[in-house]
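The chain contents come next:
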Amino acid sequence: FFVSAMAATCGARRCAARSFMAPPWAAREARRAYCPRSLPRFYVEQSDVVAGSSVHIDGEEAKHAIKVLRLKALDSIEVCDGRGGVARCTIRSAGATTSSGRRERRGFRVTAEVESRRLEPWTGIRWKLCVAGGSVKGARGDWLVEKATELGAHSFQPLLTDRSARMGSRGGSEGGSGREERWKRLAVSASKQCLRPHFLDIEPAITLDDLLLDRDGLGITLAAHQSGDPLLPLLMEHRPRLLSPAERGCLIVGPEGDFSDRELELLRRQDGVSVVGLGDLRLRVETAALSLLSGARLSEGLAAA
């Protein structure tokens, strides 16, 4: 009898404890309320994204939204046009589509209504990263473009030099080589990853001589070379310009084997161009480019501190 009474008492206590326990989903909802996540963001190539309009997401983006994120009607998302425009939208429909023709093809589409739109201006200096593109081959070039996007470069321009006078072109189309077209796609993908509202601008390849002809449009211009002055102290000399919201900048990195004597002399004679060093170690082209970009971006924060 005593054992039975104890068991009944313990059972009653467990039932009472269960009655006061929150349901399993309550803790998850509490975490979401305490640590709200940003809305899923999708990139579209529409220029008429305004309040009250409709936007359509197709292809792999739509498939990811439906199959992976499990988005459905009445869910909220963000849509970005890659030029600073970010819109909050409500999904009206999301599902599979079938195209008509000789062979039916199944796809996905998400249609959303724009609730509101804001414009996020570019903040900081518009750094153009000019790198001897012929020296950065295959996956190394892809990795450079991806990381330049994530580190906040405004634009990327392949550079043709005396020791790197060609750019690879595989299946190129009008307006750029095959590599440049691939870099544009990678820049869009990296923009999605880091949620930047402005796409990295991939510009056509240019020779060093032609680049320096537009000296006034380059802004703060830094060229990496092992014989140059230390980077950060030199950048601090430009502190007032680093704080200007309309300022531009150009970061120049040469090929493997560095600039030729002619090019180095050209850079040193050019007014407004500073030759900077990146330490005492020999760096790969892509490593030097990202080191220079990181130092330039860091200097903006130091100037504002």
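Summarised in this report is the structure supplied together with it.

Rules used in this analysis
- Residues numbered from 1 in each chain as written.
- Predicted model: local features only at pLDDT ≥ 70, side-chain atom pairs only at ≥ 80, totals over all residues.
- Heavy atoms only, no water.
- Helix = DSSP H or I, 4+ residues; strand = E, 2+ residues; numbered from the N terminus.
- Buried < 20%, exposed > 50% of the residue type's maximum accessible area, 1.4 Å probe, protein only.
- Contact = heavy atoms within 4.5 Å.
- Areas by Shrake-Rupley, 256 points an atom, 1.4 Å probe, with all protein chains shown as cover.
- 1 Å grid on protein atoms, 1.4 Å probe; cavity = no way out; pocket = protein on both sides within 12 Å on 5 of 7 lines; lining within 4 Å.
- Points joined across faces, edges and corners; volume = space filled by probe spheres on them.
- Nonpolar A, V, L, I, M, F, W, Y, C, P; charged D, E, K, R; others polar.
- Pairing = 2+ DSSP bridges.
- Axes fitted to C-alpha atoms, helices over the stretch in contact; angles between N-to-C directions.
- Patch = residues over 30% accessible without salt bridge, like charges linked within 9 Å, V, L, I, M, F, W, Y side chains within 5 Å.
- Salt bridge = Lys/Arg side-chain N within 4 Å of Asp/Glu carboxyl O.
- Parallel < 35°, antiparallel > 145°, perpendicular 65-115°, else oblique.
- Left-handed = near helix turned anticlockwise from the far one by under 90°.
- Expected span 1.5 Å × (residues − 1).

## Quick notes on the overall build of the chain
Stage number 1. Check the secondary structure of the chain and you find ten helices and twelve strands.
Stage number 2. Every one of the 305 residues in the chain was classed for burial, and the buried ones make up 43%.
Stage number 3. Sequence-distant contacts, at least 24 apart, represent 76% of the contacts inside the chain between residues at least 6 apart.
Stage number 4. When the accessible surface of the chain is split by element, carbon and sulfur atoms take 52% of a total near 17700 Å².

## Regarding the layout of surface pockets
Regions of empty space are outlined by a rolling probe, equal in size to a water molecule, passed over the atoms.
Stage number 1. If you add up the space inside the largest pocket, you get close to 540 Å³.
Stage number 2. What lines the largest pocket is a set of 19 residues, and nearest its centre among them are Pro255, Asp258, Leu281, Arg282 and Leu283.
Stage number 3. Those elements that provide at least two residues to the lining of the largest pocket are strand E10 (220-230) and helix H10 (285-304).
Stage number 4. Top contributing element to the lining of the largest pocket by residue count: E10, with three residues.
Stage number 5. Residues of the lining of the largest pocket, tallied by class, amount to eight nonpolar, six polar and five charged.

## Describing the sheet that holds strand E3 (residues 76-80)
Pairing between the strands of a sheet comes from backbone hydrogen bonds, and it takes one of two forms, parallel or antiparallel.
Stage number 1. Pairing within the open sheet is mixed, and its five strands lie in the order E1-E3-E4-E5-E2. The open sheet is flanked by strand E1 (41-43) and strand E2 (54-58), the only strands paired with a single partner. When the angles between neighbouring strand axes are averaged without regard to direction, this sheet yields 40°.
Stage number 2. The sheet contact formed by E3 and strand E4 (residues 85-99) spans five bridges and is antiparallel.

## A look at a nonpolar patch on the surface
Stage number 1. Taken together, the side chains of Leu232, Met236, Leu298 and Leu302 define a hydrophobic patch exposed on the protein surface, amounting to about 310 Å² of accessible area.
Stage number 2. Listed by contribution, the elements that provide at least two residues to the nonpolar patch are helix H7 (231-236) and H10.
Stage number 3. With respect to the helices, strands and loops of the structure, Leu302 is situated in helix H10.

## Describing the packing of helix H4 (residues 139-151) against helix H5 (residues 178-194)
Stage number 1. Contact geometry for H4 and H5: axes closest at 8 Å, N-to-C directions at 40°. In terms of orientation, H4 lies oblique with respect to H5. Crossing of H4 against H5: the hand is right-handed. Contact residues: Gly141, Asp142, Val145, Glu146, Thr149 and Glu150 in H4; Arg182, Trp183, Leu186, Ala187, Ala190, Ser191, Gln193 and Cys194 in H5.
Stage number 2. Classifying every residue of the contact of H4 with H5 gives six nonpolar, four polar and four charged.

## Considering the pairing of E10
Stage number 1. When E10 meets strand E11 (residues 248-253), the two strands line up parallel, connected through four bridges. Residue pairing in the sheet places Leu222 in a bridge with Leu251 of E11.
Stage number 2. Pairing geometry for E10 and strand E12 (residues 273-277), over six bridges, is parallel. In the sheet register, Leu222 faces E12, and the bridge partner there is Ser274.

## Quick word on H10
Stage number 1. An ideal rise of 1.5 Å per residue puts 28 Å on 20 residues; H10 measures up with 29 Å between its terminal C-alpha atoms.
Stage number 2. When we look at burial in H10, the residues that qualify are Val285, Glu286, Ala288, Ala289, Leu290, Leu292, Leu293, Gly295, Ala296, Ser299, Glu300 and Ala303.

## Topic: the pairing of strand E7 (residues 155-160)
Stage number 1. Counting buried residues along E7, six of its six residues qualify, which places the element largely inside the surrounding structure.
Stage number 2. Bridge analysis of strand E6 (residues 126-131) against E7 gives four bridges, and the strand direction is parallel. Paired with Cys130 across the strands is Gln157, a residue of E7.
Stage number 3. One ladder, built from two bridges, connects E7 with strand E8 (residues 201-202); its direction is parallel. Of the residues in E8, the one forming a bridge with Phe156 is Ile202.
Stage number 4. Two elements, E7 and strand E9 (residues 206-207), share two bridges in a ladder whose sense is parallel. Across the sheet, residue Leu160 finds its bridge partner in E9, namely Thr207.

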